[in-house]
Each structure stands twice: as C-alpha cells, then as structure tokens.
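# Geometric and topological summary
Listed below are the residues making up each chain.
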Amino acid sequence: MASSDIIEIHGAADFHVHLRQGTLSSLVTPHVRQGGFGLAYVMPNLKPPVTTTDMAIEYKKSLEAIDPSVEYLMTLYLSPELTPDEVRKAKKAGITGVKSYPRGVTTNSDGGIESYEVYYPVFKAMEEEDMVLNLHGEIPSDADSNTCVLNAEERFLPHLIRLHKEFPKLRIVLEHATSRAAVETVKSLGPTVGCTITAHHLALTVDDWAGQSFNFCKPVAKYPDDRKALLDVVKEGHPRFFLGSDSAPHLTAAKSTSTPSHACAAGVYTSPILLPLVAHILSSIGALDRLQGFVSDHGRAFYKQAAKPSEVVRLQKSKTRITEVLSLGSDDVAPFWSGRELDFSLLE
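Model, not experiment: these values are computed from the prediction. (Residues numbered from 1 in each chain as written. Predicted model: local features only at pLDDT ≥ 70, side-chain atom pairs only at ≥ 80, totals over all residues. Heavy atoms only, no water.)

This next bit is on helix H3 (residues 53-66). Over its 14 residues, H3 runs 20 Å from end to end, which matches the ideal 20 Å to within 8%, given 1.5 Å per residue. Among all positions of H3, only Thr53, Ala56, Tyr59 and Leu63 are buried. For H3, the angular spread of the buried residues around the axis is 125 degrees, confining them to a single face. Where the residues of H3 are buried, they touch helix H1 (22-28), strand E3 (39-42), strand E4 (71-73), strand E5 (75-77) and helix H4 (84-92). (Helix = DSSP H or I, 4+ residues; strand = E, 2+ residues; numbered from the N terminus. Expected span 1.5 Å × (residues − 1). Buried < 20%, exposed > 50% of the residue type's maximum accessible area, 1.4 Å probe, protein only. Arc of directions from axis to C-beta. Contact = heavy atoms within 4.5 Å.)

Next up, the structure:
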C-alpha cells in the first residue's frame, strides 16, 4: 500500500457523545475507541440526569470500568439544583462543562431550562472557574409563534448572542449546528464561542430523515444550503468549529418503531465508524487536509486539552462496509449508513 493512502491522526477527540447507562452503555462505550477516538466529551442526559459532581464522578467510574483506554470529560446537566458552589466543587473535581437543554426538545430533556436569567449566578461562577457552557441550540416548538423543528435553531440564536454579551469570558459551545444562520452567528461572535458539527449533519438534509427513522435526530437536518454552510466552514478550517458527533444510540426497536401516540427515538449513531466516516465525507468535498484540525486540533485548543504524543491512529484509503447491527446480549444498535461502503478504514 502506498504511503499516500495512509493518514495519521493525532489525538482524535469527540466533543459531544452519548454513552447512556446500564447494559446499553456496556455495548456502546467501547465503540468510541473502535471509531478511532481517545477522548469523549460525555453528555449528562441520563435517567435521572447527571446534576451533581458526585453523580458525574460515579458515571465516569462506570465508563472507565467498561473501557479505561478512553479519556472521559464529564458534564453536568443544567437544572435548578445547580448552584455556584456546586460549580466550584465540580471544577475542583475535574468536571469540564455544563450542558443546557431547552425543555422537551430532545432525548431526556424533560427537566430542561425554560429561562436563562435565573442561571446567571451559575454562569458567572462558570466564567470565573473557566468551565464550558454547552448549549443545545433550539427553542421548543410553538404553533402560536410558528416555531417548529425546521426553524427552532435559528430562533435560539438571540439567546446565544445575549449570553455571550453578558458573559464575554465564558467559553460557550453551540452544539450540533445544523443551519447557515448558526454558522454565521458563531463566526460573528468572539473567541470564547465555539461550535460543534456532527458527521451526520455533514451528510444529511431534510429529505433524508423524512420517512427514514434511522436518520432522524434532533436537531433535525435542514436544507441543502444549510448543509453546504456546514461543509464550507469545515473546508475553510475555521478554528472555532470542530467535531462533536452527537452520536446517540438507541435500541434498534426504539429507532424503527413509532405509533400514533409515540414517535420513534431521535438520534443518529456514528461512534463505531466515526473517524472513517468523517474522512469519507471530507474527502468527497476535497477537504481531507482539514481532517486533523476538525477531529482534534480545533476542539482540543478550545477545550484546553492537549493530546498525548502516543495518541495516534491511522486511516487507510480502503473500502469497508458498515456493519448493519451491533449487539451485546439482548441489546442491539444500528450504526449510521448501515450496510453502506466507506472509502476509508482504520488500521489496527
């Protein structure tokens, strides 16, 4: 194999991943490493959500017991129980950030926020302690204001602008951007505002999830022009845009089944194929030279997380077919693009 067909990636880091709990966590946690990544920024929307430092520490221990080879950065769930004192305790314990979910817009967000002003003392403490605020950037759907899944992100952006103005030194990440409006807003703000982009939102548009439950996630993929804005900012190599997969596993039955009274689960699962998938997508737009920055350097710089010199993975230009189902015991999950071919694979 020619050396030009092999790519070395240093310190691949996924700055937004769901690792669940219980037996499902045992199945999916090893897929972080399987997908080429050595760092996982772990979301706190469990049942019950991770709202305290002690809960985050226990959750981290459970993940390390499953796969100790990955570095897990832990987060707290923004809730009324979170206080400035708890923020300071979390910082001392090595907790990295706090995740905000608007009420009811995604999986396990029933305890999400309705107004940010009440949390200003918490945000001030976070700013002082140099913790990161992670924002799920949507507002709840509302017929009276003509708000739905297709414009919920754009209508959230004034909240992002206001928070940045109130707390200019607070590091804020707009999570899983899906729209041109989100890209342009983040670019217009200061250096303390970053933005994650998922692999699947680089691939999908609204047509891909309408009627296809395995491509359905929240925030939903938008219009082709929105996808182009995401691809363009990655191809540009903008340093404040980086990978956060929002890899969100659900049991296959929950993804494939809906009823008149209950929707299918929202979430796309990319962890097992993540680095080859991103390489495949970036190669398709002539941006493979941006891979190292997008999957490692930009996010690590924003989060102040240096890569270990030994944390190197290698990709080869070699077609590989994505496994259709991954299982452990009675639990099974279906990766994104199940059964399709990627142009890259990981070298052992």
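Back to the write-up after that little detour.
Attention now goes to the pattern of salt bridges. Scanning the entire structure with this criterion turns up twelve salt bridges. Between Asp85 and Arg88 there is a salt bridge, with the nearest N and O atoms lying 2.9 Å from each other. Here Asp85 and its partner Arg88 are both found in helix H4, three residues apart, which amounts to about one turn of the helix. For Asp85, a relative accessible area of 55% puts it in the exposed group. In this structure, Arg321 engages Glu341 in a salt bridge whose closest nitrogen and oxygen atoms are separated by 3.6 Å. Here Arg321 is found in strand E11 (residues 312-321), whereas its partner Glu341 is found in strand E14 (residues 341-346), with 20 residues between them in sequence. Connected via shared salt-bridge partners are Asp130, Arg171 and Lys304. (Salt bridge = Lys/Arg side-chain N within 4 Å of Asp/Glu carboxyl O.)

With that out of the way, let us pick up the packing of helix H7 (residues 180-188) against helix H9 (residues 224-236). Two elements in contact, H7 and H9, have axes whose closest approach is 8 Å; the angle formed by their N-to-C orientations is 35 degrees. Contact residues: H7 offers Arg180, Val183 and Lys187, while H9 offers Asp225, Asp226, Lys228, Ala229, Leu230, Val233 and Glu236. Looking at the contact of H7 with H9, its residues break down into four nonpolar, no polar and six charged. (Axes fitted to C-alpha atoms, helices over the stretch in contact; angles between N-to-C directions. Nonpolar A, V, L, I, M, F, W, Y, C, P; charged D, E, K, R; others polar.)

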